[in-house]
Amino acid sequence: MKILSLLIISFCLLFGLEGKVIKVVDGDTIWILPKGGERVKIRLYGIDAPEMKDSGGKKSKKYLSELIAGKEVKIETHGHDRYKRVIGIVYLGGTDINGKMVKDGYARAYLKYSKKYAKFGAK
C-alpha cells in the first residue's frame, strides 16, 4: 500500500493532479480523491492560513470549503513537504484558489516559500 501511495505522489509531482475535494482540513490544507486513485493530502503552495484554534482559523476553513468542497479541481504540484503532503496550487476552472484565499483576506502569502502571492499580503 505504501509503495502505491509513493507511486501516486511521484506521478502527481511530474504531471499535476486532478480530483474531487473530499475534505477541507483548514484554510491551507485539503484532501482530494483523484479518479481511480487513493486520496491525496494537499498543502496549498505559497500561502499560510490561521490554525483552527487561532483567530480567523474557522473563518478561513469555512471560506475555502465554500469555494471548493465537493468540486473537481486541478493541482499544479510543487513538490512535497516533510509531512509527505503534496504541495500545490489549486485551480477551480481558471481561478487560482491559493491566490484568492490571500487576496480575499483568509490567508497570507508565505514568503519563506514563495513570493508568488506577496502582492496580496505577506507573512
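Preceding this section is the structure that the text describes.
Residues numbered from 1 in each chain as written. Predicted model: local features only at pLDDT ≥ 70, side-chain atom pairs only at ≥ 80, totals over all residues. Heavy atoms only, no water.

So, the pattern of salt bridges
- All told, the structure shown has five salt bridges when counted by the stated rule.
- Across the pair D81 and R85 runs a salt bridge, and its minimum N-O distance is 2.6 Å. Across the pair, exposure class does not vary: D81 and R85 are buried alike.
- In this structure, K100 engages D104 in a salt bridge whose closest nitrogen and oxygen atoms are separated by 3.0 Å.
- Classification of K100 as partly exposed rests on a relative accessible area of 28%. (Salt bridge = Lys/Arg side-chain N within 4 Å of Asp/Glu carboxyl O. Buried < 20%, exposed > 50% of the residue type's maximum accessible area, 1.4 Å probe, protein only.)

As for the nonpolar core
- With 27 residues, the main nonpolar core has I30, I32, I42, L64, I68, V90 and M101 as its most contacted residues.
- For this core, the secondary structure elements donating two or more residues are strand 1 (17-26), strand 2 (29-33), strand 3 (40-44), helix 2 (57-68), strand 5 (72-80), strand 6 (86-92) and helix 3 (97-103).
- Those residues within four positions of I32 in sequence are excluded, and the remaining contacts are L17, E18, G19, K20, V21, I22, E38, R39, V40, I42, V73 and I75. (Core = buried A, V, L, I, M, F, W, Y, C linked by side-chain atoms within 4.5 Å. Helix = DSSP H or I, 4+ residues; strand = E, 2+ residues; numbered from the N terminus. Contact = heavy atoms within 4.5 Å.)

Structural notes on the pairing of strand 5
- The sheet contact formed by strand 1 and strand 5 spans four bridges and is antiparallel. Each residue of the ladder has a partner; that of G19, found in strand 5, is V73.
- For strand 5 and strand 6, the ladder comprises five bridges, and the chain directions are antiparallel. Among the inter-strand pairings, I75 is bridged to a residue of strand 6, identified as V90.
- Counted along the chain from strand 5 to the antiparallel partner strand 6, the turn is five residues long, and its residue K84 has a positive phi close to 70°. (Pairing = 2+ DSSP bridges.)

Side note on the packing of aromatic side chains
- A full pass over the atoms with the stated rule returns two aromatic pairs.
- Here the aromatic rings of Y63 and Y106 are separated by 4.1 Å at their centres, their planes lie at 15°, and the arrangement is stacked. Taken as a pair, Y63 in helix 2 and Y106 in the loop between helix 3 and strand 8 (108-109) lie far apart in primary sequence, 43 residues in all.
- On the accessibility criterion, Y63 (15% relative accessible area) is buried.
- Judged by its relative accessible area of 29%, Y106 is partly exposed.
- Measuring from ring centre to ring centre gives 5.0 Å for Y110 and Y113, while their planes differ by 85°; the resulting arrangement is edge-to-face.
- We note R39 situated over the ring of W31; from NZ or CZ to the ring centre the distance is 4.0 Å. (Phe/Tyr/Trp six-rings, centres within 6.5 Å; stacked < 30°, edge-to-face > 60°. Lys NZ or Arg CZ within 6 Å of the ring centre and 35° of its normal.)

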